[in-house]
Amino acid sequence: MAAGNDDEELRKAIAASLAEQPAADENADIQRAIEASTTPQDLNALTAAEQDKLTIEQMNAINDEIQSNQAMVGDRVGVAAALAGEYDGNANAGFARGIAELDGKYASLRRVRKDGNCFYRGFLYRYLEHLCELQAGRGAGAPHPELERVRGVVRASKAKILSVDYEETAIDMFWEMLVEVLDDVPKTTLDQWHAKMNEEHGVAMHIVWFCRVLSAAQIKLNADRFAPFVMDETGAADVAEFCRREVEPVNHECEQVQIIALTEMLEIPVAIEYLDGSGTPSKLVFPEGASPVVNLLYRPGHYDILYEE
Amino acid sequence: MAFDRGRLKKELTELTRDTKSGVTVEVKSSDMMELEGVITGPEGTPYEGGTYQIGITIPSGYPFEPPKMKFLTKIWHPNISSQTGAICLDILKDQWSPALTIKTALLSLQALLCSPEPDDPQDAQVAQMYLNEPDTFKQTAKFWTETYARPKEAGAEDAAVARLVEMGFSREQVVKALADAKGDENEAVTALLSGA
């Protein structure tokens, strides 16, 4: 009887599902599997969970190394002095020519930690540094108009962010920290700002991440306009999904879409010099025609800060 | 800066007030780092009627690092280990962001019960069954729900005692018979009737 057989098979399937399996200590097994698989081709033999764990361990090791070796934002150094070493012996002579050209155009450079946050970190560092300079120029007087302007924009950003379905519980603390940092600009020296932006696990990581929310909110608020730039390989454009995958996660690298969105949200323009092997760096300004204070250097995969004087 | 509990506290306060989302969280340790969440099986899935306890550990890097979550209640699902309760879900790993909360993570687990992703399995055996024998999968998952995820009906045992007492046995006899029969009412009746 067909029905009887089905029942019998289901009974067997359920019995098999209940059978004890030896994988009592998954972590220990994964650890053993990882240890056993020291050669790359063995990766294929790992299960998804094992690969995840391996990836996470490698990522953590890389992050630890980056943390102990690279300042979040370094001191100002000459452009050629900072970069030449990295491209010594590079078969592509275009890099050396490009560096020479940048060296003639820019007085110095600050290295930014290579942890996936470099655009947001470099942007925020340079802009706030500029605000501190502007304010210092006015002495203890009234806030500089640019400081007033950006404070207004950041204060108003919370309502905008909440309007595109972020939870207040989740973003409140980050928003408050940026508001506070801006409120404190009149009593912040450049050295204090530099120290603040280099404090591990401190305010910096919070306000740098908050830039991601500002960028994502702008993308969501202008979904129609940004949709063509966030299409996936199938041609589907889901801005919320794009923000979830490409903007919000900590340490996720930044593309031009995020840059445009952040500069729009804060109304702070940025100029980026693109250095590749072609010889002449090309400069892009967002938005076009603006005269930004924030100049960044982009090399494939990374942003640093450039200073004209 | 030491670990800041401000955000975690806010989240927990909010969760206590929230009666609509259908997820609850209980604090299990005085430092608030160990929590236990409860989600219900979504309607129209083999998990309907089930109540699932989720073990939650808050890492010191929270909310920059994801909360660690695993199913404490056994469940038959391609993305959850049937042995350990370990969960394969991107937002609990590299796709986590501080924009997410414990509540949104629990809601995502509920969503995962609605839409398994067998191409990224945690439990290969379950994923195989899900892909190759969908009917068997559904019934097995249902069986696991009935067996492991049914909330114990409060007072069920007392009701059995009351029924047997009504049949004319003393309360003392009834309680002993039920205990001997490990709660099986029919077996207890048989034992009582045979005078054992």
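Please refer to the structure placed before this passage.
Being a predicted model, the structure only gives us computed values, none of them experimental.

On to the environment of B:Thr24, then. Residue and element names in this part refer to chain B. Structurally, Thr24 is set in strand S1 (residues 24-27). Thr24 sits 64 residues away from Cys88 along the chain, and the two C-alpha atoms are 21 Å apart. For Thr24, the residues in contact, after removing those within four places along its chain, are Glu36, Gly37, Val38 and Leu106.

Take unusual backbone geometry next. Omega for the bond connecting A:Phe286 with A:Pro287 falls within 30 degrees of zero, at -10°, which places this linkage in the cis form. One can find A:Pro287 in the loop between strand S4 (282-286) and strand S5 (294-299). Positive phi, normally seen in glycine, also occurs at A:His201, with a value near 55°. Positionally, A:His201 belongs in the loop between helix H9 (190-196) and helix H10 (203-221). Judged by its relative accessible area of 44%, A:His201 falls in the partly exposed class. With a phi angle near 70°, B:Met32 is a residue other than glycine that sits in the positive phi range. Mapping B:Met32 onto the fold places it in the loop between S1 and strand S2 (34-40).

As a further point, take the pairing of S5(A). Residues and elements named next belong to chain A. Burial within S5 is extensive, with five of its six residues counted as buried. Bridge count between strand S3 (residues 270-274) and S5: five bridges; the pairing is parallel. Each bridged residue has a counterpart across the sheet, and for Ile272 the counterpart in S5 is Leu296. Of the strand pairs in this sheet, S5 and strand S6 (residues 302-307) are connected by five bridges, and their pairing is antiparallel. The residue bridging Arg299 from the neighbouring strand is His302, located in S6. The hairpin turn running from S5 into S6, its antiparallel successor, is two residues long, and Gly301 in that turn takes a positive phi close to 90°.

Thresholds, definitions, all that
- Residues numbered from 1 in each chain as written.
- Chains lettered and ligands numbered in written order.
- Predicted model: local features only at pLDDT ≥ 70, side-chain atom pairs only at ≥ 80, totals over all residues.
- Heavy atoms only, no water.
- Helix = DSSP H or I, 4+ residues; strand = E, 2+ residues; numbered from the N terminus.
- Contact = heavy atoms within 4.5 Å.
- Buried < 20%, exposed > 50% of the residue type's maximum accessible area, 1.4 Å probe, protein only.
- Pairing = 2+ DSSP bridges.

By themselves, these are just geometric observations and shouldn't be taken as functional.
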